[in-house]
Amino acid sequence: MSTKSIPYFLSGSVVRGFGRGSKALGIPTANLEDEVVNNLPGDLSTGIYYGWASIDGQTYKMVASIGWNPFYKNEKKTVEIHLMHKFENDFYGKQIKAVFTGYVRPEKDFTSEEELIRAIKDDITIAKEQLQKSDMAVYKDNSFFKE
């Protein structure tokens, strides 16, 4: 596991994913376009990250998954960002900017969807706690989000 690239800044368009985040898991995600995924640094490990993401000029706490989602046996690597805010509408086609400021855990397989949902909720709790710390909160107002 290498997190030498943290903090890691990225931006890209939100595209349609597999439709599982909202529907199956009740945890909606913004899936990023293939070009963003293909340009990730080689030393950025797969797994669960936390940080900040901006859409429509507003910045929110986020938790993100980078990898193949072993539970679903994906054959394509993805970047999926869960913004910790309740949105009324989808944002397909919109630009999202994110800064990954910390690493929660490597990706892993689960024996059931319920176990996966519990793990994601735990990841969100960890992310919220970490993002309260002053060394993480400072990234919320990073100039990257204003560019």
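Source: prediction; values computed, not measured. (Residues numbered from 1 in each chain as written. Predicted model: local features only at pLDDT ≥ 70, side-chain atom pairs only at ≥ 80, totals over all residues. Heavy atoms only, no water.)

A.B. asks: Would you mind going over the side chain of N31 with me for this structure?
C.D. replies: Among the structural elements, N31 can be located in strand β2 (residues 30-32). Take N31: its relative accessible area is 10%, and that puts it in the buried class. Only 3.5 Å separates the side chain of N31 from the side chain of T29, close enough to count as a polar contact. If we ignore the near neighbours within four places in the chain, the residues touching N31 are S13, V14, V15, G17, V79 and E80. (Helix = DSSP H or I, 4+ residues; strand = E, 2+ residues; numbered from the N terminus. Buried < 20%, exposed > 50% of the residue type's maximum accessible area, 1.4 Å probe, protein only. Polar contact = N/O pair within 3.5 Å; in protein donor to acceptor, adjacent residues only side chain to side chain. Contact = heavy atoms within 4.5 Å.)

A.B. asks: Is there a simple way to explain the environment of I55 in this structure?
C.D. replies: Note that I55 resides in strand β3 (residues 47-55). Taking the C-alpha atoms as reference points, I55 and K94, 39 residues apart in sequence, are found 7.5 Å from one another. Other than its neighbours up to four places away in sequence, I55 contacts V14, Y60, L83, F87, F91, K94, Q95 and I96.

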